[in-house]
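Tertiary structure, described
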Amino acid sequence: MPIHNQKQKPAEVVRFDNTTLHYPGGHRIFRDLSKVFYAGSFYFLTGASGAGKTSLLKLIYRGIHPSDGAVQVFGRDVARLSPTEVPLLRQRIGLVFQDCRLIPHLTVMDNTALALRITGVDLRRARQHAIELLQWVGLESHLRNYPATLSDGEKQRVAIARAIITRPLLLLADEPTGNVDEANAAKLMHLFEELNRMGTTIILATHNRSLLTMRSRPEVHLHNGRLYDYYQEDKKNYA
């Protein structure tokens, strides 16, 4: 008799398969990394400064290539993607950086709409989507402002809105709370958690351990070129 109602394992979003990364000159960042990130999950990526968190995220969106092994994203080996396939991959991935990377001569609305414009969406429709997202992140009063007029926390909320306007399946955030105070960091985390509840897989690199202690999320820790998994029960004894 067939067994029904078995809990299915979530789909894989990212797989590192014996991945090694060397920088020019022979400096090794990773060695034989093997790790799977599953759909719908929220992961904290931790490690000391220089451990390779940013490099790990770059491998996922093919900002760099591994020296050996493979990185699979949405079931595809990203190193084997053709030049025309790389932009299609990145349309499914949202990126949030610590420095926000907003374009100074574009308004908040047009910075947010830019990702849709790149995909061919007309200006009016892209701006309408941008307005809806900026309302969601609490910046509806800043639509026509320029980045120079915003606080660091406001800039990061614009960056989040821009990153998710294409409805990405995966969001990569590199130290997104690094330049904001604790109150703004909490607001940004709330936005990330809301996005995760809507189904987006999130990998968030951070050195802020207070974010981890307040939230029960899997932690993936980089140390000496290796990845280690920590779960809530482990964190009590981890400093």
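Reference entry: report on the structure contained in this document. All residue numbers here refer to positions counted from 1 along the written sequence of the relevant chain. Thresholds applied to this predicted model are a pLDDT of at least 70 for local features of residues and 80 or more for the giving and counting of side-chain atom pairs; totals over whole chains, interfaces and linings are not thresholded and use all residues. In computing side-chain values, all of the structure's heavy atoms are included and hydrogens and water are not.

Some points on the packing of aromatic side chains
Aromatic ring pairs: the centre-centre distance and the angle between the two ring planes describe each pair. The criterion for an aromatic pair is that two Phe, Tyr or Trp rings (for Trp, the six-membered ring) have centres within 6.5 Å, with stacked assigned to planes under 30 degrees apart, edge-to-face to planes over 60 apart and tilted to the rest. The tally for this structure, following the rule as stated, stands at three aromatic pairs. With a centroid separation of 4.8 Å and an interplanar angle of 80 degrees, the aromatic rings of F37 and Y43 are classed as edge-to-face. For the pair F37 and Y43, one class covers both residues: buried. Among the aromatic side chains, those forming a connected cluster through ring pairs are F16, F37 and Y43. The ring of F37 carries the charged tip of K35 above its face, separated from the ring centre by 5.6 Å. Here, over-ring charges are defined by two tests on the NZ atom of lysine or the CZ atom of arginine: distance to the ring centre within 6 Å, and angle to the ring normal within 35 degrees. Seen from the ring of F74, R92 lies directly overhead, with NZ or CZ sitting 4.1 Å from the centre. When accessible area is computed with a 1.4 Å probe and restricted to protein chains, residues below 20% of their type maximum are described as buried, those above 50% as exposed, and intermediate ones as partly exposed.

Some points on the sheet that holds strand 10 (residues 226–230)
If DSSP finds at least two bridges between two strands, the strands pair. Counting from the N terminus, the helices are the DSSP runs of H or I reaching at least four residues and the strands are the DSSP runs of E reaching at least two. Spatially, six strands are ordered 6-7-8-3-9-10 in an open sheet, and the strand pairing comes out mixed. The sheet is open, and its two edges are formed by strand 6 (93–97) and strand 10, each paired on a single side. Across the sheet, the mean angle separating the axes of adjacent strands is 20 degrees when strand polarity is ignored. Sheet topology note: the strand 6/strand 7 (residues 170–174) ladder contains five bridges and is parallel. From the neighbouring strand, G94 faces strand 7, where its bridge partner is L171. The contact rule is simple, with two residues in contact once any of their heavy atoms fall within 4.5 Å. Fitting a line to C-alpha atoms yields each axis, with helices limited to the stretch in contact; the angle taken between N-to-C directions then spans 0 to 180 degrees. The sheet strands contacting helix 1 (residues 53–60) are strand 3 (42–47), strand 6, strand 7, strand 8 (201–205) and strand 9 (219–223), and the helix crosses strand 7 at an angle near 155 degrees. Helix 5 (residues 152–164) contacts strand 6 and strand 7 of the sheet and is inclined by roughly 165 degrees relative to strand 6.

Points about the packing of helix 3 (residues 108–118) against helix 5
Packing of helix 3 against helix 5 leaves a shortest axis separation of 7 Å and a crossing angle of 30 degrees. Our classification of the angle between helix 3 and helix 5 gives roughly parallel. Both helix 3 and helix 5 take part in a crossing whose hand is right-handed. Each of V108, N111, T112 and A115 in helix 3 lies in contact with helix 5, whose residues at this interface are V158, A161 and R162. Put simply, Ala, Val, Leu, Ile, Met, Phe, Trp, Tyr, Cys and Pro go in the nonpolar bin, Asp, Glu, Lys and Arg in the charged bin, and everything else, Gly too, in the polar bin. Within the contact of helix 3 with helix 5, the residues separate by chemical class into four nonpolar, two polar and one charged. Every angle not falling under 35 degrees, over 145, or within 65 to 115 is termed oblique; those three ranges are roughly parallel, roughly antiparallel and roughly perpendicular. Each crossing is labelled by how the near helix is turned from the far one, with a counterclockwise turn of less than a right angle marking it left-handed and a clockwise turn marking it right-handed.

Focus: the pattern of salt bridges
By definition here, a salt bridge exists when the distance from a side-chain nitrogen of Lys or Arg to a carboxyl oxygen of Asp or Glu is within 4 Å. This structure, assessed with the given rule, holds eight salt bridges. Of the charged contacts, one joins D229 and K35 as a salt bridge, the two residues approaching to 2.8 Å between their closest N and O atoms. Highlighted residues: D229 in strand 10 and K35 in strand 2 (residues 27–38), separated in sequence by 194 residues. According to the relative accessible area criterion, D229 is partly exposed, its value standing at 38%. The buried category is assigned to K35, whose relative accessible area is 11%. Where R197 meets E194, a salt bridge forms, and the shortest distance between an N and an O atom there is 2.4 Å. Here R197 pairs with E194, and both are found in helix 6 (residues 182–197), just three residues apart, close to one helical turn.

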